[in-house]
Amino acid sequence: MGRREETAAELRAAGKFMMDTGLAWGNAGNISARLDDSSFLITATGTFLGELGEGDFAECVLDGREAPAAAGLKPSKEVPMHQAVYDLRPDVGAVLHASPFYSTLFACADIPLPSGLFVETMYYLERVERVRYAHPGSLDLGEAVREKAKQANVLLLEHHGVLVYDTSIKEARMALQTLEMACRMVIESGSAGVRLQELPDPVRQDFLERSEEHTSELQSLRHL
């Protein structure tokens, strides 16, 4: 199995997971993964994330054009968003765009999203930014994402949904699930009159520093 086939298989699994766990609905959302330094694979327009087939992907180069191998396939109209992230963040291996219920509530409201609630929020939601509204699929939205892509790994797209990206499809998927869980906790605790408490800043900073050290150690071991 070649690189493209492996990536498509991982994206199909991610799409099904997102649909099965309520992170995606209808035909909303699009997902992609980097193939190499100059191209990425993205879901084709009109596809259903829960039932992606082998022919439901289009290959694009980083200038947004379809690669020759994608002849006959029309990539998602949201290519500008994905392209902006891959262009500015060589560390990113996958981009997930969806409109999960609770996360989208945050994207449609002026509510601060706490990152110090529990371990996973400290790890995955350390860097969250809001992106001004621009019409879906527009170059303007792509530029709005480009403005914030370096500052965060999670973007709340105002009145639209969310964009989550990370080093791999697996990591991006876990970040998306963590985001939705945190948003749900904040909203439901507020309705129930439960006051959430965040961990103090020094504790969060110590956790992040230790996490970075652990990651560096693992990367060193991989190169032995």
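Residues numbered from 1 in each chain as written. Predicted model: local features only at pLDDT ≥ 70, side-chain atom pairs only at ≥ 80, totals over all residues. Heavy atoms only, no water.

Another point: helix 2 (residues 79-88). Taking burial as the measure, the ten residues of helix 2 include eight buried ones, the bulk of the element. For helix 2, every residue scored as buried is listed here: Val79, Pro80, Met81, His82, Gln83, Ala84, Val85 and Tyr86. (Buried < 20%, exposed > 50% of the residue type's maximum accessible area, 1.4 Å probe, protein only. Helix = DSSP H or I, 4+ residues; strand = E, 2+ residues; numbered from the N terminus.)

Our next topic: the environment of Leu163. Positionally, Leu163 belongs in strand 7 (residues 161-166). Sequence-wise, Leu163 and Leu176 are 13 residues apart; in three dimensions their C-alpha atoms are separated by 8.5 Å. Once residues lying within four places of it in the same chain are set aside, the contact partners of Leu163 are Met81, Val85, Val95, Leu96, His97, Val145, Asn153, Val154, Leu155 and Leu157. (Contact = heavy atoms within 4.5 Å.)

Below, the discussion takes up unusual backbone geometry. One non-glycine residue, His159, adopts positive backbone phi at about 55 degrees. With respect to the helices, strands and loops of the structure, His159 is situated in the loop between strand 6 (154-157) and strand 7. Take His159: its relative accessible area is 53%, and that puts it in the exposed class.

Taking 1.5 Å per residue, 18 residues should reach 26 Å; helix 1 (residues 3-20) reaches 26 Å between its end C-alpha atoms and fits that length. Tucked inside the fold, the buried residues of helix 1 contact strand 1 (30-36), strand 2 (39-43), strand 3 (57-61), strand 4 (94-98) and helix 6 (169-192). At the C-terminal side of helix 1, Gly22 shows a positive phi close to 80 degrees. (Expected span 1.5 Å × (residues − 1).)

Bringing the packing of helix 1 against helix 6 into the picture now. With their axes 10 Å apart at the nearest point, helix 1 and helix 6 run at an angle of 15 degrees to one another. As summarised for this structure, helix 1 and helix 6 are arranged roughly parallel, according to the angle between their axes. Considering how the two elements wind past one another, helix 1 and helix 6 form a crossing that is right-handed. Counted together, Thr7, Glu10, Leu11, Ala14, Phe17 and Met18 of helix 1 and Ile169, Arg173, Leu176 and Gln177 of helix 6 form the full contact between these two elements. Tallied by class, the residues present in the contact of helix 1 with helix 6 amount to six nonpolar, two polar and two charged. (Axes fitted to C-alpha atoms, helices over the stretch in contact; angles between N-to-C directions. Parallel < 35°, antiparallel > 145°, perpendicular 65-115°, else oblique. Left-handed = near helix turned anticlockwise from the far one by under 90°. Nonpolar A, V, L, I, M, F, W, Y, C, P; charged D, E, K, R; others polar.)

Now for the nonpolar core. Membership of the largest hydrophobic core comes to 36 residues, with the highest contact counts inside it found for Met18, Ile31 and Leu179. Of all the secondary-structure elements, those providing two or more residues to this core are helix 1, strand 1, strand 4, helix 3 (101-107), strand 6, strand 7 and helix 6. For this core, the leading source of residues is helix 6, giving eight residues. Those residues in contact with Leu179 that lie beyond four places of it in its chain are Ser103, Leu113, Leu125, Val154, Val162 and Val164. Of all hydrophobic cores here, the second largest spans 22 residues; its members include Phe40, Leu62, Ala84 and Val145. (Core = buried A, V, L, I, M, F, W, Y, C linked by side-chain atoms within 4.5 Å.)

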